[in-house]
Amino acid sequence: MEIGNRGRRWGRSATWQWGAAVCLGAGVAGAAAQALPDCVHEDDDARRLACYDRLFRAAGAAVPAVPAASAPAPGTALAPVTPPAAAASETAPVATVFDKAWELSPATKRGTFVVRTYLPNFVLPLHTSSSINRSPASPTRGTVTDRPAYRASEAKLQVSLRAKVAQGLVLPDADLWFAFTQRSLWQVWTPSESSPFRSTDYQPEAIYVVPVPASLGTLGAGWRWRMAQLGIAHQSNGQGGALSRSWNRVHATAAFDRGEFGLLLRAYRRIGEKTNDDNPDMASFIGNTEVIASWLPGLSTASLTWRTHAATGRRGSLQLDWTYPVSRSQPAGLRWYAQLFSGYGETLLDYNHRQTSVGVGLTLFQF
């Protein structure tokens, strides 16, 4: 009986509150309706607009707010859109990723000197190699034999940033970018040797990006040629003597997409050094051609990179990268990162050393 009385009292109270809210809203609406003719008869456009603003602003302030039933789920039209450069959204095709990452259309231009990420930024605290390079060698620098007792397990880190320095350069919507990438292998699990950095590579480069118009880029079977790139890069490890490694290259790239699939074809040509060449045979091991196939299945991202020498098809490497958000509701936040590498040239110091390595960790940031 007590439960029934409480229920009736709650029902009368809820009915009264709802009725009061409706009456209050109706009263405001009625007042607004009565005031409408005053605004309608205002001849001056600016004053008439100001009249409407005052009227409906007052009405909006008086009407009680109705609580939202629930927040929209990620991926819906009302949810914030995840920047494709940071992380793949559940619906973003590769075309959107290319467009926003490289600002290919006027709508995505962000101006010059805005710092953005370039290659993946990650830390892999668990990274192990099948064959750690304890005796780096080069035909012009000899072999180093007095290296510390490095372990096969170490950490791998990469930081990569870029900024546009010229917009609309020469060709319509074509931009010039400067980028810098640093990749390190850190013997963090070797405290007996003071946990040194075993290898660090530095790569500054300039990239000229040209969007391909639809009239030229539309291909068969749903494929589209999105952009072309021309670049020049210097890469070195900052070492001296027998550990010194460096080279300069120019490259040309074509990028294609079809739905959630992307394809990059890149050709390199080394700029020869007339004297003091640390490693004249580097291209024959690392290769001069690169093919990158990417796939964005929902919240995951996956890419497969094949590097080889176009003339011989020998040596080179294969690399598989995979990411997935730590929290499904925040795909632009921290992401799990896994990498599998097999072949030559994981670092410049290892350019002529074959190994297979696997690493797991997290992406650092993407913007």
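Placed above this text is the structure.
These numbers were taken from a predicted model, which means no experiment stands behind them.

Reading guide: rules and limits
Residues numbered from 1 in each chain as written. Predicted model: local features only at pLDDT ≥ 70, side-chain atom pairs only at ≥ 80, totals over all residues. Heavy atoms only, no water. Core = buried A, V, L, I, M, F, W, Y, C linked by side-chain atoms within 4.5 Å. Buried < 20%, exposed > 50% of the residue type's maximum accessible area, 1.4 Å probe, protein only. Helix = DSSP H or I, 4+ residues; strand = E, 2+ residues; numbered from the N terminus. Contact = heavy atoms within 4.5 Å. Polar contact = N/O pair within 3.5 Å; in protein donor to acceptor, adjacent residues only side chain to side chain. Patch = residues over 30% accessible without salt bridge, like charges linked within 9 Å, V, L, I, M, F, W, Y side chains within 5 Å. Areas by Shrake-Rupley, 256 points an atom, 1.4 Å probe, with all protein chains shown as cover. Salt bridge = Lys/Arg side-chain N within 4 Å of Asp/Glu carboxyl O. Pairing = 2+ DSSP bridges.

Novice: Let's hear about the nonpolar core: which residues, and what values?
Specialist: Within soluble globular proteins, side chains that are nonpolar generally end up buried alongside one another. Membership of the largest hydrophobic core comes to 16 residues, with the highest contact counts inside it found for Phe-98, Trp-102, Leu-104, Ile-207, Val-209 and Met-227. Among the elements of the structure, helix 3 (94-102), strand 6 (175-186) and strand 7 (197-211) are those that each provide at least two residues to this core. Beyond its immediate stretch of four places on either side in the chain, Phe-98 contacts Glu-103, Leu-104, Arg-226, Met-227, Ala-255, Phe-256, Asp-257 and Leu-264.

Novice: I'd like a rundown of the side chain of Ser-129, residues and numbers included.
Specialist: Of note, Ser-129 is situated in strand 2 (residues 122-129). Of the polar contacts made by the side chain of Ser-129, one reaches the backbone nitrogen of Ser-131; its length is 3.1 Å. At 2.5 Å, the side chain of Ser-129 forms a polar contact with the side chain of Gln-355. If we skip the residues at most four places from it in the chain, Ser-129 touches Ala-152, Gln-355, Thr-356 and Ser-357.

Novice: Break down a nonpolar patch on the surface for me, with residues and values.
Specialist: A cluster of nonpolar side chains, namely Leu-304, Trp-306, Leu-318, Leu-320, Leu-340 and Val-358, defines an oily patch on the protein surface of about 530 Å² accessible area. Inspection of the secondary structure puts Leu-320 in strand 13 (residues 317-325).

Novice: For the pattern of salt bridges, give the residues involved together with the corresponding values.
Specialist: This model, assessed by the stated rule, comprises 11 salt bridges. Asp-350 is the partner of Arg-198 in a salt bridge, and the nearest nitrogen-oxygen pair spans 3.6 Å. Note that Arg-198 is positioned in strand 7 and Asp-350 in the loop between strand 14 (335-344) and strand 15 (354-363), a separation of 152 residues in sequence. Judged on exposure class, the residue Arg-198 and its partner Asp-350 are both buried. Two residues, Asp-277 and Arg-270, come together in a salt bridge whose shortest N-O distance is 2.9 Å. Across the pair, exposure class does not vary: Asp-277 and Arg-270 are buried alike. In the salt-bridge network here, residues are joined through shared partners; they are Glu-103, Lys-109, Arg-116, Lys-164 and Asp-175.

Novice: So what's going on with unusual backbone geometry? Residues and values would help.
Specialist: Across residues other than glycine, the phi torsion is negative in most instances, and most of the peptide bonds are trans. If you check the backbone angles, Glu-103 has positive phi at about 55° while not being a glycine. Inspection of the secondary structure assignment puts Glu-103 in the loop between helix 3 and strand 1 (115-117). Since its relative accessible area comes to 1%, Glu-103 is described here as buried. If you check the backbone angles, Asp-173 has positive phi at about 65° while not being a glycine. Among the structural elements, Asp-173 can be located in the loop between strand 5 (153-167) and strand 6.

Novice: Please provide a residue-by-residue account of the pairing of strand 7, values included.
Specialist: Within strand 7, 12 of the 15 residues are buried, leaving the element largely enclosed by the surrounding structure. Strand direction decides the pairing type here: strand 6 and strand 7, joined by 12 bridges, are antiparallel. Within strand 7, the position partnered with Ala-179 by the bridge is Glu-205. Bridge count between strand 7 and strand 8 (residues 224-236): 8 bridges; the pairing is antiparallel. Counted as the bridge partner of Glu-205 is Ala-233 from strand 8.

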